[in-house]
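Coordinate analysis (summary)
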Amino acid sequence: MTMKLKLGLPKGSLQDATVQLFARAGFNIYVSARSYFPGIDDAEIECMLIRAQEMARYVADGVLDAGLTGQDWIAEYITATQRGDRITPIVDLVYAKQSFGRVKWVLAVPEEWSYQRPEDLEGCTIATELVRVTEAYFRGRGINVNVEFSWGATEVKPPVLADAIVEVTETGSSLRANRLRVIDTLMESNTQLIANVAATGDPWKKTKIDNIALLLRAAIEAQGRVGLMLNVKRSDLQHILDLLPALQRPTISPLSDGEWVAVNTIIEERTVRELIPKLKAASAQGIVEYPLNKIVL
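The structure presented is a predicted model; accordingly, all values stated were derived computationally and were not measured. (Residues numbered from 1 in each chain as written. Predicted model: local features only at pLDDT ≥ 70, side-chain atom pairs only at ≥ 80, totals over all residues. Heavy atoms only, no water.)

1. Looking at the sheet that holds strand β5 (residues 66-70)
Just so we agree on the cut-off: Think of it this way: DSSP has to see at least two bridges between two strands before they count as a pair. Secondary structure follows DSSP: runs of H or I at least 4 residues long count as helices, runs of E at least 2 residues long count as strands, and numbering of each begins at the N terminus. Angles here are taken between N-to-C directions and fall from 0 to 180 degrees, while the axes themselves are lines fitted to C-alpha atoms, restricted in helices to the stretch in contact. Any two residues whose heavy atoms approach within 4.5 Å at even a single point are treated as in contact.
Pairing in this open sheet of five strands is mixed, and the strands run β4-β1-β5-β12-β6 from one edge to the other. Strand pairing shows two members of the sheet lacking a second neighbour, β4 (45-51) and β6 (87-93), which therefore form its edges. Put simply, the sheet's adjacent strands are angled 30° from each other on average, direction ignored. Its contacts with the sheet put helix α3 (residues 71-81) on β5, β6 and β12 (191-196), and the angle it makes with β5 is roughly 100°.

Here it is as structure tokens:
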């Protein structure tokens, strides 16, 4: 009988980005609009789609062995239950809905209002999905506010339905579109692979989780980078090396013609269009750019 790892994938805004990340890591996930149990081309993994807000709970309870969710929702769960000892962080995976970066939970008010500091919101109503973290934030500053749970569309609530909001933002465009101004940042968050403590105590499951983490991290490291190969005469090698911004150091290999060497390196993709003409002008030949799926550091 094949052993199974029960893996939770975030349903909602992170779902597509997560499926794409797994594809780059070498796992093909097949999502059906009518099922919460996606297929995956690994017989040892059983996937389930769970809202990111609930992922920490189901991992802590052992319903799932591991899952991907945001540090924000992990913090919300731990603040509400004080059961953080049931969850083990495995690896930070810095990607979001629109980019490979962190998101922020910010405190925002209508831009025409005079409020400049959190203290100015004494006695006000704050709308948010991140209720427990927001309550702890204001409580830690000795500010009395009424924190209300928001089911969504939080940006439209001030000033009629709430005085201020605590909302997640990746680019800030939605806040600006709704004429809101940020006065503080509660926390930054990124996706994290977490595991149940019992699963990490099982040698087979621990190895499987660690292998998944390794491949996901390698896929993120490769994002925005490409490989570059070229040939150059030994007499021109130093000039070429001076032009190359390497991840560590370029690999230099001798060719059958003793006067020539091959150079192999990894660079940021955005630099390629300026770098290749410079390399050609410096007498490099046989320049090849190739994509990268994973970089294991």
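2. Structural notes on the packing of α3 against helix α4 (residues 131-140)
Put simply, the rule is: Put simply, angles under 35 degrees are roughly parallel, angles over 145 are roughly antiparallel, angles from 65 to 115 are roughly perpendicular, and the rest are oblique. Only Asp, Glu, Lys and Arg are considered charged in this grouping, and only Ala, Val, Leu, Ile, Met, Phe, Trp, Tyr, Cys and Pro are considered nonpolar; every other residue, Gly among them, is considered polar.
The geometry of α3 relative to α4 is characterised by a closest axis approach of 7 Å and an angle of 70° between their N-to-C directions. Taken together, the axis directions place α3 and α4 in an arrangement best described as roughly perpendicular. The segment α3 lies against α4, with A75, E76, T79 and A80 engaging V131, R132, V133 and A136. Here the contact of α3 with α4 is built from residues that sort into five nonpolar, one polar and two charged.

3. Structural notes on the pairing of strand β10 (residues 164-169)
For clarity, the threshold we go by: Burial classification: accessible surface area is computed with a 1.4 Å probe over protein chains only, and a residue below 20% of its type maximum counts as buried, one above 50% as exposed, and the rest as partly exposed.
Counting buried positions along β10 gives five out of six residues, so the element sits mostly inside the fold. As defined by bridge partners, strand β7 (residues 103-110) adjoins β10 across five bridges and the pair is classed as antiparallel. Bridge pairing in β10 places W105 opposite V168.

4. Side note on unusual backbone geometry
At the junction of P158 and P159, the peptide bond is cis and its omega measures out at 0° in the coordinates. One can find P159 in the loop between β9 (146-149) and β10. Not every positive phi belongs to a glycine, and Q82 is a case in point at roughly 60°. Relative to the helices and strands, Q82 resides in the loop between α3 and β6. Unusually for a residue other than glycine, S283 sits at a positive phi of about 80°.

5. Structural notes on the nonpolar core
Condition: For the purposes of this section, nonpolar cores are sets of buried Ala, Val, Leu, Ile, Met, Phe, Trp, Tyr and Cys residues that join through side-chain atoms within 4.5 Å.
In terms of nonpolar packing, the biggest core is built from 29 residues, with F22, L68 and L193 touching the most fellow members. Breaking this core down by element, the ones donating at least two residues are β1 (5-11), α1 (15-25), β4, β5, β6, β12 and α7 (203-222). Counting residues in each nonpolar core, the second largest holds 18 residues, with W105, I126, V166 and I183 among its members.

6. Overview of the environment of G224
In this fold, G224 is placed in the loop between α7 and β13 (225-233). A C-alpha to C-alpha distance of 7.5 Å links G224 and R270, two positions 46 residues apart in sequence. What G224 contacts, discounting residues up to four positions off in sequence, is I267, E268 and E269.

7. Here we look at helix α9 (residues 272-281)
Because each turn of an α-helix spans 3.6 residues, side chains separated by three or four positions in sequence point in the same direction. Basically, it comes down to this: It is the directions from the helix axis to the C-beta atoms whose arc is reported.
For α9, the set of buried residues is V272, L275 and L279. Buried residues of α9, seen end-on, are gathered within an arc of 65° and therefore sit on one face of the element. Facing away from the buried surface of α9 by more than 90 degrees, the exposed residues are R273, E274, K280 and A281. Packed against the buried residues of α9 are β13, α8 (237-243), β15 (260-268) and β16 (285-291).

8. Observations concerning the side chain of K205
As for its placement among the helices and strands, K205 is situated in helix α7. Since its relative accessible area comes to 17%, K205 is described here as buried. Discounting residues that sit within four places of it in the chain, K205 has contacts with K4, L5, D65 and A199.

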